[in-house]
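The lines below spell out each chain.
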Amino acid sequence: MSTIIPSALYCSLPNEDAATSPLSYCKTSEGDDAPSKKPRVERDHENGGPPHRDEEKEPEGEASGGEEEGETFADMMKHGLTELDVGILKYVSDHKGFSGILKERYSDFVVHEINKQGKIVHLDDLSVPAEEQPEELDVLTEEQKKQLGELQLFKNKEDNVSIEVLDDTKEKRTLVHKAIKTQFPGLETKTEEREGRKFIVAYHAAGKKALAAPRKHFWPKNRGSFCHFTLYKENKDTMDAINVLSKFLRLRPNMFSYMGTKDKRAITVQEIAVLKITAERLAHLNKCLMNLKLGNFCYKNHPLKLGELQGNHFTVVIRNISGTDEQVQQAMTSLRQTGFINYYGMQRFGTTAVATQTVGRAILRNDWNEVVDLILKPRPGAEKEFLVRCREEWAKSQDPEAALKKLPNKRCVEGQLLRGLSMYGKKNIVTAFGLIPRNNRLMYIHSYQSKVWNTMVSRRIEAFGLKAVEGDLELRGTHVLTAEEAESRSIHDIVMPLPGYDVIYPTHHVGEGYRELLTADGLDLDNMRHKVKDYSLAGAYRRVIIRPSDVSWSVIQYDDPRISLVHSDFEILEKKAAPVFNKEGKHRALRMEFSLPPSTYATMAIREVLKLDTSIKKQTQLNTTWFN
């Protein structure tokens, strides 16, 4: 049986497990806990261009197999996590909450990156820089262009296009080669001689040889080595977008750099940089890319680095709201003036019955048999059929090779672990586990840290509310002050630590709770270094309350639920009309805008406004009648 997951649920799991879940995750600004100078103030990078709006597909989360015939999605998700399970318990305001639907359409969630200069990134120019306007290479006929275009888009039944060079000179052949490569990215060319006649043959580059290194083209010394551009995407993950560009340009994905990954189920705009690829070649891709647009090209001498951004600007539409105008006013005023608790959002912890923080705790306890068991054992809830079969085989035979054969995609976490167990044996689990990419492995332990942080912050708010009290830790720049050093007594300056060997803890009774919590989990707060260096936790500091900037909102009414309620950068470029709202419309929506720093979750800001549990499990229970 196949169950379609309703699009209105912003559901998913952390990066490392994305391939293992039938659910797509809506991440906001969360990421990698990059190291920084002591004291570590937690820095994360965050985190979706056009099926076209009127062609919006079913959400890609499709859970197939594993459930009994007739079992509803709500039944399957009863095994999932709620906010209570991950320590998300408190609100800062006392306004009355109201209901609404988030991400009913992907265009209801729009994210614009804020670059390190503090400028909101927009796509508003598709032209090539003036100094690089291409010379007119009018050496191809219209019929040849048609054939090459079909070949580029894999619509040509032949695997190549041959163009005879009638006026055969090296200069003429060079012009034809250049015209094909610049106007039809993804195609490679070669010269062939047939019965004394010269032909230029265009074909798709493929295989490892083509990806071994970028082609060496002439590059002016006075031009920056990196082409920076704006990537606009709809309903597509950042890494998926990078992989598409890599394929067309015959590059390895690591030739691209960016400051953060963005939501999939959203419209997102961010800056990307690529080494020694011209704006001309990138601009030509706009003819054949689906769900993506590239623009605002310029050359610089440096790549981008993860975490360099100042944050993200969000435009969010919540449809079918039940709140009165007065309730909305109270909720949004509180968000603007006070903010929200800076919890790690539900996407940090996964959506299946085995939460990622549970695996992280087993890693930190050095209990590797439990790590394997948690990742590979059968579990209730929504999963793809091949994963269900793989888990069943593992439970039955404990044979990694037999279980691996059940997986069509060996690159998921389960596949990588099984491959490691097959290579190194079940007595060398640490090495086998190492086959999982490092960032994915670390996400497990960061998930555990996140749950501890959420739990302790809930206790802190329960004990002291929004007052700064003696024993709190205060952030000044990059320096954390103890109670004795602290000057300001604003809750917006107060931080709480993620557990680790390189942080200090609050000196009031809530701070003592860290030791109690970790002891109950079989861990020693005084010994957070691990036998495997990668899993040693230095710890970090995170602000308790975040106050968004640039907050604005409006309640809009409309009749057609299929229309977009946000005017996107791409629609503005295409000179499409902005949405028109009907004051007498039968549907009401809250349209809000706000900016957040890195490492914060827009879903937690929205939670504060609506006063609703943001977990898939709870949202499914609330909306069962809506999608049954």
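The preceding data block contains the structure.
As the structure is a computational prediction, the values presented were derived from the model and not from experiment.

Cut-offs used in this document
Residues numbered from 1 in each chain as written. Predicted model: local features only at pLDDT ≥ 70, side-chain atom pairs only at ≥ 80, totals over all residues. Heavy atoms only, no water. Helix = DSSP H or I, 4+ residues; strand = E, 2+ residues; numbered from the N terminus. Buried < 20%, exposed > 50% of the residue type's maximum accessible area, 1.4 Å probe, protein only. Areas by Shrake-Rupley, 256 points an atom, 1.4 Å probe, with all protein chains shown as cover. Axes fitted to C-alpha atoms, helices over the stretch in contact; angles between N-to-C directions. Parallel < 35°, antiparallel > 145°, perpendicular 65-115°, else oblique. Left-handed = near helix turned anticlockwise from the far one by under 90°. Contact = heavy atoms within 4.5 Å. Nonpolar A, V, L, I, M, F, W, Y, C, P; charged D, E, K, R; others polar. Pairing = 2+ DSSP bridges.

## Quick word on the overall build of the chain
No. 1: Secondary structure assignment for the chain yields 18 helices and 20 strands.
No. 2: Counting across all 628 residues of the chain, residues that qualify as buried make up 57%.
No. 3: Just so you have it, the chain exposes about 27,700 Å², and 48% of that area is on carbon and sulfur atoms.

## Regarding the packing of helix α8 (residues 356-364) against helix α9 (residues 368-376)
No. 1: Close contact between α8 and α9 brings their axes to 8 Å; oriented N to C, the two are set at 165 degrees. Judged by the angle between their axes, α8 and α9 are roughly antiparallel. Once α8 is placed against α9, the crossing between them reads as left-handed. For the pair α8 and α9, contact is made by T358, V359, A362 and I363 and by W368, E370, V371, L374 and I375, respectively.
No. 2: Considered class by class, the residues forming the contact of α8 with α9 number 7 nonpolar, 1 polar and 1 charged.

## So, the environment of R562
No. 1: Topologically, R562 is positioned in the loop between β19 (549-558) and α16 (569-573).
No. 2: Sequence-wise, R562 and R105 are 457 residues apart; in three dimensions their C-alpha atoms are separated by 8.2 Å.

## Some words on the pairing of strand β10 (residues 267-275)
No. 1: The buried fraction of β10 amounts to 8 of the 9 residues, a majority that puts the element mostly inside the structure.
No. 2: Two elements, strand β4 (residues 109-114) and β10, share 3 bridges in a ladder whose sense is parallel. Bridge pairing links H112 to V269 in β10.
No. 3: Examined bridge by bridge, strand β9 (residues 256-258) and β10 share 3 bridges and lie antiparallel to one another. In the sheet register, F256 faces β10, and the bridge partner there is V274.

## Re the pairing of strand β12 (residues 311-319)
No. 1: Counting buried residues along β12, 9 of its 9 residues qualify, which places the element largely inside the surrounding structure.
No. 2: Here β12 shows no split at all, with G311, H313, T315, V317 and R319 on one side and N312, F314, V316 and I318 on the other all buried.
No. 3: In terms of strand pairing, β4 meets β12 through 6 bridges, oriented antiparallel. Paired with E113 across the two strands is N312, which belongs to β12.
No. 4: The pairing of β12 with strand β20 (residues 587-596) spans 8 bridges and is classified as antiparallel. If you follow V316 over to β20, its bridge partner there is M592.

## A short note on the sheet that holds strand β16 (residues 494-498)
No. 1: Pairing within the open sheet is antiparallel, and its 4 strands lie in the order β15-β14-β16-β17. Each having just a single partner strand, β15 (479-481) and β17 (540-543) make up the two edges of the open sheet. Each strand axis lies, on average, 50 degrees off the axis of its neighbour in the sheet, ignoring direction.
No. 2: Summarising the sheet, β16 and β17 pair through 4 bridges and their orientation is antiparallel. Counterpart to P497 in the pairing with β17 is Y541.
No. 3: Strand contacts of helix α14 (residues 438-464): β16 and β17, with the helix running at about 140 degrees to β16, the strand carrying the most contacts.

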